[in-house]
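Observations on the three-dimensional arrangement
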Amino acid sequence: MSSLLETLKRNVAAVHESMAEACRVAGRSPGSVQLIAVTKYAPIEWIEGLISLGLDQFGENRPQQLIERQARWPQVQWHLIGHLQRNKAKSVLSATVLIHSVDSLRLAERLSETATGRVPILCEVNVSGEESKDGFPREELLSVWDRLTGLPGIEVRGLMTMAPFSDDPEAARPVFTHLRELRDVLRARAEGRLALPELSMGMSGDYEVAIQEGATLIRVGSRLFEGLE
Ligand SMILES: *Cc1c(COP(=O)(O)O)cnc(C)c1O
């Protein structure tokens, strides 16, 4: 086995082990969390390595790169996790299994108009209120929620957020707790019509905390590629 593959294999195993441990701590079943490998900075060989190791969920933050990579590796599933402009909505639709980053009613409307069938999406929430972050402010999401979930061409599957950058994973915990509680509020408001099963939260530095707080999708990049250059 090449040293690239050995390093990837070790990193993937370490991430899987820590995911299982976080599930154990939280009393959750290990199958309730899915790892999405974020490949935005990964060259071709790293992606091929991860695919050969059996990973099948990948995330990209730029629509154009996602479209290219999905065409190259259609055997795995591609998640869009970064900002989407309305004029790119149509071209990205057929390439992605889930759009995590719907951050405005107008974008949701565009996706709904363009869709054939129902496109699964997550609403990105700017929990921390940092100006540099994309996502619906909480109040705005609450105020557009009924219109958004009434659009015929989309299926809102849950929420996504990014915690502020910090060296301390515990700093992210209140943000993740907040997202889960907001999901519970929205679920109650839908009175059984919307299950909102997905919470996309947690990155390399804080995914274990995110799992303890209920993440079902974690988006991990740099941790998988440690030791590679
Ligand atoms: C880059 C990125 C990630 C992964 O970040 P790492 O710290 O490398 O794990 C997760 N989510 C989004 C939206 C990203 O852009």
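Reference entry: report on the structure contained in this document.

1. Description of the site of the ligand
Neighbouring the ligand are the residues Val38, Lys40, Asn61, Ile81, Met162, Met203, Ser204, Arg219, Val220, Gly221 and Ser222. With respect to the ligand, the side chain of Ser204 contributes an N or O atom lying 2.5 Å from an oxygen atom. A distance of 2.8 Å separates an oxygen atom of the ligand from a polar atom in the backbone of Ser222. In this structure the site holding the ligand corresponds to the largest pocket. Grouping the amino acids of the shell around the ligand by side-chain chemistry returns 5 nonpolar, 4 polar and 2 charged.

2. As for the pattern of salt bridges
Two side chains with opposite charge may pair up if their charged atoms get near one another. In this structure the tally under the stated criterion is 14 salt bridges. Note that Glu60 is salt-bridged to Arg69, the shortest N-O span being 2.8 Å. What makes Glu60 buried here is its relative accessible area of 1%. A salt bridge links Arg157 to Glu155; the nearest nitrogen and oxygen atoms lie 3.4 Å apart. The class of Glu155 is partly exposed, set by a relative accessible area of 30%. Residues joined in a network through salt bridges with shared partners are Glu170, Arg173, Arg180 and Glu213.

3. Description of helix α2 (residues 44-52)
All buried positions along α2 are accounted for by Trp46, Ile47, Gly49, Leu50 and Ile51. Two residues or fewer after α2 comes Gly54, characterised by a positive phi angle close to 100 degrees.

4. A word on the side chain of Arg183
As for its placement among the helices and strands, Arg183 is situated in helix α7 (residues 173-189). Judged by its relative accessible area of 10%, Arg183 is buried. If near-sequence neighbours (up to four positions away) are discounted, Arg183 is found in contact with Leu159, Leu196, Pro197 and Leu199.

What counts and what doesn't
- Residues numbered from 1 in each chain as written.
- Predicted model: local features only at pLDDT ≥ 70, side-chain atom pairs only at ≥ 80, totals over all residues.
- Heavy atoms only, no water.
- Near = heavy atom within 4 Å.
- Polar contact = N/O pair within 3.5 Å; in protein donor to acceptor, adjacent residues only side chain to side chain.
- 1 Å grid on protein atoms, 1.4 Å probe; cavity = no way out; pocket = protein on both sides within 12 Å on 5 of 7 lines; lining within 4 Å.
- Sits in = over half its atoms within 2 Å of the grid points.
- Nonpolar A, V, L, I, M, F, W, Y, C, P; charged D, E, K, R; others polar.
- Salt bridge = Lys/Arg side-chain N within 4 Å of Asp/Glu carboxyl O.
- Buried < 20%, exposed > 50% of the residue type's maximum accessible area, 1.4 Å probe, protein only.
- Helix = DSSP H or I, 4+ residues; strand = E, 2+ residues; numbered from the N terminus.
- Contact = heavy atoms within 4.5 Å.

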